Amino acid sequence: MMTKYDTALYAPLLWTGESDEVLRDVTLICERGMLIDIVAGRSPNAADLGNAAIIPPLVNAHCHLEFSQLKQPFHTKQPFSKWIGETMRTRRENQNVSESIRTGIEESSAAGIEFLADVKTQSTDCYPDFEEIGLEVILFQEVIGLTDEAVDRQRELISSFAQEAGYFRLGLSPHAPFTVRPDLLEFCVRISREAEVPLMMHLAETQAELELLAEGTGELVEMLSQFGMWSAGLYPSGTQPLDLLKILSQAPRVLLAHGNYLDEQEIQFLAEHPQMHIIYCPRTHHYFGHSLHPWQSMLEAGVNVALGTDGRGSNPDLSIWNEVRFLMKQLPDVEPRRLLEMATINGAKSLGMDTTIQIGRPANWTVLVQKNSDAKPMTSLQDLLLADVWVKGDQN
C-alpha cells in the first residue's frame, strides 16, 4: 500500500542554513526527491533518525583525490619544496590512480560529503560514473606550464578538456604562481570567461611563494632551477598576490585554495569582488605550521570562506566534519554558525549553488546522529558541534 508521501523524516533538530535559528522536533516531508513541507512534531510513518540533526549538505571545496591511497600525510613537511617533491614522486609511482580516486570518493561519501571539488590531473576515465558515486564531483583540470613547450601543451589540453567531461561539472585549475606562467594564467582566465567555467588556484599558500613573487629568490626558485623550469624575470620585482588577484578577478568565478598569507589590502579586494572565494583547509594549514590564518578577518570583511581538506598528503582524512571539529577545538569561542556555514552553504556558494534547506528544493542534506542513543538531545548548534556524532549523507 502506497503511503501519502514518498519519504517522511523525523528530526529532533534541523538547521536550514538560513539563520541562527534551529527548528526542533520537526518532520521533513519529501516527494519525488523534493522537500514539500516541514511540519511540527512527528508525522505518521516518519522514519526516526534517532538522536539526530539535519543540516545542509557538507561540501569539500578543495581536494586532491588522486592521493587518497595514502594512509597518512607525508613525513616531510618542510621545506615546502621537499613536500612538493614527495607529491610528485607519489604521483609517478601510483600504478592505479582510478582506485585511489574511487577510494577518496568512497571515503568522502561515508563522511557525509555531498559535493566535492577535485583538482584533476588524469583523464575522466579514472573517475567512476556520476550515477555510481553517491556524491557530485566537480572537476578542476590542473594546469601547469612555465616553458614555451609546456605552455603550448597546456593550451591544447585546456581546449580539449570540455570534450571529455561526461557527467561532471568542469573547472580549470591554474596550479599556483610558481607553476603557471602569467600568459598561461591569462589564457585560463579568458577560457573561463568564454566557457563560463570556474577557476581554482593555490595562492598565498606559503611564505616561499611570496618570496618568489616579490624577489625571485628562495626555495621554490631553487627547486624550479633544478628542474630547468625557472626563468629569471618571471614576475616583476615586488609582485604581490594582489597583482594575481587582479588578473583572476576577470573570471566569472574563482576559488582560491588556502590564501594563508593574504594581507588586509588583498582581503579588501576579495570583499569587493564577490565572485572570488577562499577555500581554507584547517588541518593542512596546521600540518605545515603556518601562522594564523586570516579567515575570521575575511568573513568579517564579507569574503565567502569555505572549507576544504586538500589531499591525503597533508591531511589524515577527507572529512569536512573533522575540519569543523578541529576548528571548534582550536577556537572554542567562535560562533558555531560560522563554522557550519563554512562547511556547508559557503562551500556550495563557492561552486555556484544555494543548498540551504527550503521547501520546494531538492531533498538534499547531511544527517548527524549521536553515537550514544542515550545522550542528551541536541538543542542548539553549540550542542551539535560538541556532540559525538556519526556523519551520514542524504537520507531521503
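Right, let's walk through the structure included here. Bear in mind that the values here come from a model prediction, so they are computed numbers and not experimental data.

Below, the discussion takes up the pattern of salt bridges. Under the definition given, this model contains 17 salt bridges. With a shortest N-O distance of 2.9 Å, R89 and E93 are connected by a salt bridge. With a gap of four residues between them, R89 and E93 both fall in helix α1 (residues 80-93), about one helical turn apart. Look at R89 and you get partly exposed, because its relative accessible area is 29%. Notably, a salt bridge pairs R361 with D354, separated by 3.0 Å at the nearest N-O pair. Residue classification places R361 among the partly exposed residues on the basis of a relative accessible area of 24%. One connected set of salt bridges, linked through shared partners, spans D20, R337 and E341.

Once that is clear, we can look at the nonpolar core. Ranked by internal contacts, the top residues of the largest apolar core, which has 99 residues, are L248 and W321. By residue number, the principal contributor to this core is helix α5 (residues 182-195), which donates six residues. Excluding residues that lie within four positions of it along the chain, W321 makes contacts with I55, L58, L340, L368, L384, L385, V389 and V391. Judged by nonpolar contacts, the second largest core, of 15 residues, contains V26, L35, L49 and A363.

Time to look at the environment of A53. Along the chain, A53 falls in strand β5 (residues 52-55). Separated by 328 residues in the primary sequence, A53 and L381 have C-alpha atoms spaced 9.5 Å apart. Excluding its chain neighbours within four sequence positions, the residues that come into contact with A53 are L13, T366, V367, L368, M378 and L384.

Glycine aside, the phi torsion of most residues is negative, and most peptide linkages are trans. Of the consecutive residues Q78 and P79, the connecting peptide bond is found in the cis state with omega at -5°. On the secondary structure map, P79 appears in the loop between β6 (58-63) and α1. Although it is not a glycine, N45 sits at a positive phi angle of roughly 70°. Turning to its location among the elements, N45 is positioned in the loop between β3 (34-40) and β4 (47-48). The class for N45 is exposed, based on a relative accessible area of 68%. Even without being glycine, H258 reaches a positive phi, approximately 85°. Within the secondary structure, H258 is located in strand β11 (residues 254-258).

Within strand β10 (residues 199-203), five of the five residues are buried, which leaves it mostly tucked inside the rest of the structure. Taking every second residue as pointing to the same face, both faces of β10 are buried, with L199, M201 and L203 on one and M200 and H202 on the other. The sheet contact formed by β10 and β11 spans five bridges and is parallel. Across the sheet, residue M201 finds its bridge partner in β11, namely L256.

Looking at the secondary structure, you find S100 in helix α2 (residues 97-110). On the basis of relative accessible area, S100 is assigned to the buried category, the value being 2%. There is a polar contact of 3.0 Å between the side chain of S100 and the side chain of N94. Setting aside residues no more than four positions away along its own chain, S100 makes contact with L65, E66, S68, Q69 and N94.

Right, let's talk about the environment of D317 for a bit. Position of D317 among the secondary structure elements: in the loop between β13 (304-307) and α12 (320-330). Taking relative accessible area as the criterion, D317 reaches 16% and is therefore assigned buried. When the C-alpha atoms of D317 and L70 are compared, they prove to be 9.4 Å apart, with 247 residues separating the residues in sequence. A polar atom in the side chain of D317 sits 2.6 Å from the side chain of R283. At 3.0 Å, the side chain of D317 and the backbone nitrogen of S319 are in polar contact.

The rules behind these values
Residues numbered from 1 in each chain as written. Predicted model: local features only at pLDDT ≥ 70, side-chain atom pairs only at ≥ 80, totals over all residues. Heavy atoms only, no water. Salt bridge = Lys/Arg side-chain N within 4 Å of Asp/Glu carboxyl O. Helix = DSSP H or I, 4+ residues; strand = E, 2+ residues; numbered from the N terminus. Buried < 20%, exposed > 50% of the residue type's maximum accessible area, 1.4 Å probe, protein only. Core = buried A, V, L, I, M, F, W, Y, C linked by side-chain atoms within 4.5 Å. Contact = heavy atoms within 4.5 Å. Pairing = 2+ DSSP bridges. Polar contact = N/O pair within 3.5 Å; in protein donor to acceptor, adjacent residues only side chain to side chain.

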